[in-house]
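Each chain, written out:
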Amino acid sequence: EFMNYYIMNVMQEYDPELDQLLFYLPLAGSAFKKIYYDPNMGRQMSLYVPAEDVIVPYGASHIETAERVTHVMRKTKNELKKLQVAGFYRELDDLGEPQPYHTDIEERKAEEGGYSLTDDERYTIYEVHADLVIEGIDDSEEEIAKPYVVSIERGTGEILAIRRNWNPEDPLTLKRQHFVHYAYVPGFGFYGLGLIHIIGGYARAGTSIIRQLV
């Protein structure tokens, strides 16, 4: 399906985001596309997001039904300031300088690849898409959670923005879906299986058998 789309629609126009997705999907087993409006660019954006930057609850089975989806974003000081000036994030004077942060997956990749990680001079922002009951806004007897997008700066824990994530004209208050999940081979949980998982298991087993025979 991906290759057919690529050949029919993208061959004549270079799309680095799609190239990244097509390259990493067979390796990692899962890849994501995020569709959103970027105030800095002034238009809709389609962004490739690697699997390690999308966090969902353990029991989630599908991106559309997950109660919470967290996108780990990294933005430079200038990008963050532009979003604050545009009113997308609230102004804060106590954010300080970006704090270095590396995930366990990034550290493991560096270990396996034989290189060392350098400090990332960017802010780490958790953009949480979740169903919440916000005091003072959703006060009702039922206390039914509604979909919101909450942006949190990791270093200080400060909330940068809280935004409604449903159409105000929708009586069902269904959440607007910003993520598309592509799986190479369906796995046993939320994430798909890639060539690393499929071939890597056989490679380790073959190595173990050869060592035992020797």
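These remarks concern the structure in this document. (Residues numbered from 1 in each chain as written. Predicted model: local features only at pLDDT ≥ 70, side-chain atom pairs only at ≥ 80, totals over all residues. Heavy atoms only, no water.)

## What to know about the sheet that holds strand β7 (residues 159–164)
The strand order β3-β4-β5-β6-β7 describes an open sheet built from 5 strands, whose pairing is antiparallel. Every other strand in the sheet has two partners, leaving β3 (54–55) and β7 as the edge strands with one partner each. Where strand β4 (residues 68–75) meets strand β5 (residues 123–132), 8 bridges bridge the pair, whose relative direction is antiparallel. Looking at the pairing, V72 lines up with Y126 of β5. Along the sheet, helix α3 (residues 77–85) makes contact with β4, β5 and β7, crossing β4 at roughly 115°. (Pairing = 2+ DSSP bridges. Helix = DSSP H or I, 4+ residues; strand = E, 2+ residues; numbered from the N terminus. Contact = heavy atoms within 4.5 Å. Axes fitted to C-alpha atoms, helices over the stretch in contact; angles between N-to-C directions.)

## Some thoughts on a nonpolar patch on the surface
A contiguous nonpolar surface patch, about 330 Å² in accessible area, is contributed by Y184, L195, I198 and I199. On the basis of relative accessible area, Y184 is assigned to the partly exposed category, the value being 38%. (Patch = residues over 30% accessible without salt bridge, like charges linked within 9 Å, V, L, I, M, F, W, Y side chains within 5 Å. Areas by Shrake-Rupley, 256 points an atom, 1.4 Å probe, with all protein chains shown as cover. Salt bridge = Lys/Arg side-chain N within 4 Å of Asp/Glu carboxyl O. Buried < 20%, exposed > 50% of the residue type's maximum accessible area, 1.4 Å probe, protein only.)

## Structural notes on the pattern of salt bridges
This structure, assessed with the given rule, holds 5 salt bridges. Here E127 and K34 are joined by a salt bridge, their closest N and O atoms 2.5 Å apart. With E127 in strand β5 and K34 in strand β1 (residues 30–38), the pair connects residues that are 93 residues apart, well separated along the chain. Each member of the pair, E127 as well as K34, carries the same accessibility label: buried. Between R90 and E158 there is a salt bridge, with the nearest N and O atoms lying 3.2 Å from each other. Of this pair, R90 sits in the loop between α3 and α4 (104–113) while E158 is found in the loop between β6 (146–153) and β7, placing the two residues 68 residues apart along the sequence. For E158, a relative accessible area of 23% gives the class partly exposed.

## A short note on the pairing of β1
On any regular strand, side chains alternate: one points to one face of the sheet, the next to the other face. With 5 bridges connecting them, β1 and strand β8 (residues 179–183) associate as antiparallel partners. Across the sheet, the residue bridging to S30 is A183, located in β8. Looking at chain direction, β1 and strand β2 (residues 43–50) are connected through 8 bridges and run antiparallel. In the strand pairing of β2, I35 is matched with S46. The antiparallel hairpin formed by β1 and β2 contains 4 residues in its connecting segment, where G42 sits at a positive phi of about 75°.

## Points about the side chain of T70
Along the chain, T70 turns up in strand β4. In contact with T70, other than residues within four places in its own chain, are D53, V54, I55, Y126, E127 and V128.

## Details of the pairing of β5
Extensive coverage of β5 is indicated by the burial of 7 of its 10 residues. Of the strand pairs in this sheet, β5 and β6 are connected by 8 bridges, and their pairing is antiparallel. Each residue of the ladder has a partner; that of Y126, found in β6, is I152.

## With respect to the side chain of D53
Turning to its location among the elements, D53 is positioned in the loop between β2 and β3. Setting aside residues no more than four positions away along its own chain, D53 makes contact with T70, H71, V72 and R74.

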